[in-house]
Amino acid sequence: MFFIEFPCIFIEPISTEEVDNGFACQDVTFNVAVVGVIETTDEDAQIIGDTDDKGMLDIENDIKKAVCSDRTVGNTAYYCVVLRTNYSEKELNIRKCQIDVQIKFKQNASTRA
């Protein structure tokens with residue numbers, strides 16, 4: 001991936017699962033990865049940040065606050081939760097965290113369009 005500005009946050013779809021509940025309506029589970037990316041040469045600041053830049057824990061907290069501030073995702077979902085955070089990717093002075101979020105909603109033929 002190529003990033004121009006730091007820090008940055010992007011959303012990557014992971015999977016969708018549908019269960020037909022028998023009433024011409026489907027229960028849909030949509031899993032997304034919310035990825036935060038920072039750049040700094042100071043390894044300590046990569047984690048906790050400093051007075052000038054946010055660290056990975058700051059970015060993670062910002063993402064979780066945003067998800068938890070509206071668990072209905074603008075009245076679209078009936079359930080939204082943070083599942084886990086993965087910090088496995090680090091390349092030179094760039095660090096990433098992936099926050100897996102699960103969103104559940106209902107849809108029918110008219111909402112699918």
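Residues numbered from 1 in each chain as written. Predicted model: local features only at pLDDT ≥ 70, side-chain atom pairs only at ≥ 80, totals over all residues. Heavy atoms only, no water.

Undergrad: What exactly am I supposed to notice about the environment of arginine 95 here?
TA: Mapping arginine 95 onto the fold places it in strand 5 (residues 94–108). What makes arginine 95 buried here is its relative accessible area of 12%. Not counting residues within four places of it along the chain, the set of residues in contact with arginine 95 comprises Gly36, Val37, Ile38, Gln46, Ile47, Met56, Tyr87, Glu89 and Lys90. A polar contact of 3.3 Å, which involves the side chain of arginine 95, links it to the side chain of glutamine 46. (Helix = DSSP H or I, 4+ residues; strand = E, 2+ residues; numbered from the N terminus. Buried < 20%, exposed > 50% of the residue type's maximum accessible area, 1.4 Å probe, protein only. Contact = heavy atoms within 4.5 Å. Polar contact = N/O pair within 3.5 Å; in protein donor to acceptor, adjacent residues only side chain to side chain.)

Undergrad: Explain the environment of alanine 109 here, please?
TA: On the secondary structure map, alanine 109 appears in helix 3 (residues 109–112). Exposure remark for alanine 109: the relative accessible area of 70% places this residue in the exposed category. In this structure the C-alpha to C-alpha distance between alanine 109 and glutamine 26, which are 83 residues apart in sequence, comes to 9.1 Å.

Undergrad: Help me understand unusual backbone geometry, please; the structure alone is not making it clear to me.
TA: Residues other than glycine predominantly adopt negative phi, and peptide bonds predominantly adopt the trans conformation. With an omega dihedral of -10°, the bond running from phenylalanine 6 to proline 7 counts as a cis peptide bond. Among the structural elements, proline 7 can be located in the segment before strand 1 (8–20). One non-glycine residue with positive phi stands out, namely valine 73, at about 50°. Counting through the fold element by element, valine 73 comes out in the loop between helix 2 (56–69) and strand 3 (79–86). The phi dihedral of asparagine 75 falls on the positive side, at around 65°, and the residue is not glycine. As for its placement among the helices and strands, asparagine 75 is situated in the loop between helix 2 and strand 3.

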